Amino acid sequence: MKIAIFQFAPRFAQVEANLQKIEHAVQGVDFDLLILPELCTTGYQFVSHEEVVELAEAIPEGPTTERLTRLAREKSAHIVASLAEKEGEQLYNSAALVGPEGLVGKYRKLHLFDEEKLFFNRGNLGLPVWDIGTAKIGLLICFDWIFPEAARTLALKGADVLCQPANLILPYCQDAMVTRALENRVFTVTANRVGAEARGGKPQLVFTGKSQVVAPNGERLVQFSEREERLRVVEIHPEAARDKWITPRNHLFEERRPDAYTV
C-alpha cells in the first residue's frame, strides 16, 4: 500500500489556490492513500467566528469534498483531508475520507486546541474506523495526539493505519506518535503543515513540519524536514499492524487489564 503525504503551507482563505496546489502536487504520482494537513484548504489562524462561518463547508455536499472526490476518482485512490465543516449552525474541525465513489466517512476533532475552542464545536461522531480494502483506517486531528485513549480506541476497533492531519506548533507530537505506533502496533501517519501565520494582531504561529510515517515497531519510515514543501510516498504493508504479539506469551490487547484502569 502506497501512502502519500503532502506537507505544504496553505494560504489563508485561498481555498481555490490551495486545492490547485494539492492537485498540482499529485500530478504523475501513484498512491493508494493521500493524507493532507489540518485545515488544508483554509489555513488555521482564524480571528473571528464570522471568518469560520464564511469558509466552512458542508461535508460531503460542499465544493471541497466534491473536488477531492473527483481527484480520488482520477487517481483510483483515497484521500484524507481536514477542513472546516458547517452543519446547520454548528462548526467543526473535521476530516473527510473520500474515495473514487465519494465520501467514505468523516471525523470531527474531539480535542480542540487553545483558540479552536472559540470557533469550533467539540466533535460528536466518536472514533470510527473504515475499511478501504487495502487497510482499515482511523482518523485523528492534530491535538488528539496527546490523548492516548483516542489512538488506543482506534486500534481496538481494528485500525491498521492512524491518519493524522495536523497543524502542529508544539514540539512534542512527532516523537509521541512513535509511542502511539509502538503501544498500539499500528502505522501512524502525521501530515503536518509548514510556514507561519500571524493574523489580527495575534502572536505568530510557526508550524513545525516534520511530517512522518511510523511503522508498528516504532521505525520512522520517512520524515520530512521542518520547512520543506513536498509530497512523498512510502510503501507500507498493513498486515504488519495486525500482529499484536509482543512475545509468544504476550498479546498486546489480551494482556490489557481494564478492571485495573478505573479512576
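Cut-off values and rules
Residues numbered from 1 in each chain as written. Predicted model: local features only at pLDDT ≥ 70, side-chain atom pairs only at ≥ 80, totals over all residues. Heavy atoms only, no water. Pairing = 2+ DSSP bridges. Helix = DSSP H or I, 4+ residues; strand = E, 2+ residues; numbered from the N terminus. Axes fitted to C-alpha atoms, helices over the stretch in contact; angles between N-to-C directions. Salt bridge = Lys/Arg side-chain N within 4 Å of Asp/Glu carboxyl O. Parallel < 35°, antiparallel > 145°, perpendicular 65-115°, else oblique. Left-handed = near helix turned anticlockwise from the far one by under 90°. Contact = heavy atoms within 4.5 Å. Nonpolar A, V, L, I, M, F, W, Y, C, P; charged D, E, K, R; others polar.

K.L.:
An account of the sheet that holds strand β8 (residues 161-165) is requested, with residue identities and associated values reported.
P.N.:
Pairing within the open sheet is mixed, and its 6 strands lie in the order β6-β7-β8-β9-β12-β13. A strand with exactly one partner marks an edge of an open sheet, and here the two such strands are β6 (129-131) and β13 (220-223). Each strand of the sheet is rotated relative to its neighbour by a mean of 15°, with strand direction disregarded. Across 3 bridges, strand β12 (residues 212-214) lies against β13 in antiparallel orientation.

K.L.:
I'd like to hear about the pairing of strand β7 (residues 136-139), residue by residue, with values.
P.N.:
The pairing of β6 with β7 spans 3 bridges and is classified as antiparallel. Bridging across to β7, Trp130 finds its partner in Ile137. Between the end of β6 and the start of β7, which pair antiparallel, lie 4 residues, with Gly133 showing a positive phi angle near 100°. Here 3 bridges tie β7 to β8, and the two strands are oriented parallel to one another.

K.L.:
Go over the pattern of salt bridges, please, and point to the residues and values.
P.N.:
Summed over all chains, the structure comprises 17 salt bridges. One salt bridge in this structure joins Glu87 and Arg108, with 3.3 Å as the shortest N-O distance. Of this pair, Glu87 sits in strand β3 (residues 78-87) while Arg108 sits in strand β5 (residues 102-108), and the two are 21 residues apart along the sequence. One network of salt bridges, in which partners are shared, links Glu85, Glu87, Lys106 and Arg108.

K.L.:
Explain the packing of helix α5 (residues 148-156) against helix α6 (residues 173-184) to me, and be specific about the residues and the numbers.
P.N.:
Running from N to C, α5 and α6 cross one another at 40°; their axes reach a closest spacing of 10 Å. The angle between α5 and α6 places the two elements in the oblique class. The element α5 and its partner α6 pack so that their crossing is right-handed. Residues Pro148, Ala151, Arg152 and Ala155 of α5 touch α6, and the partners they reach there are Arg180, Glu183 and Asn184. Looking at side-chain class alone, the contact of α5 with α6 contains 3 nonpolar, 1 polar and 3 charged residues.

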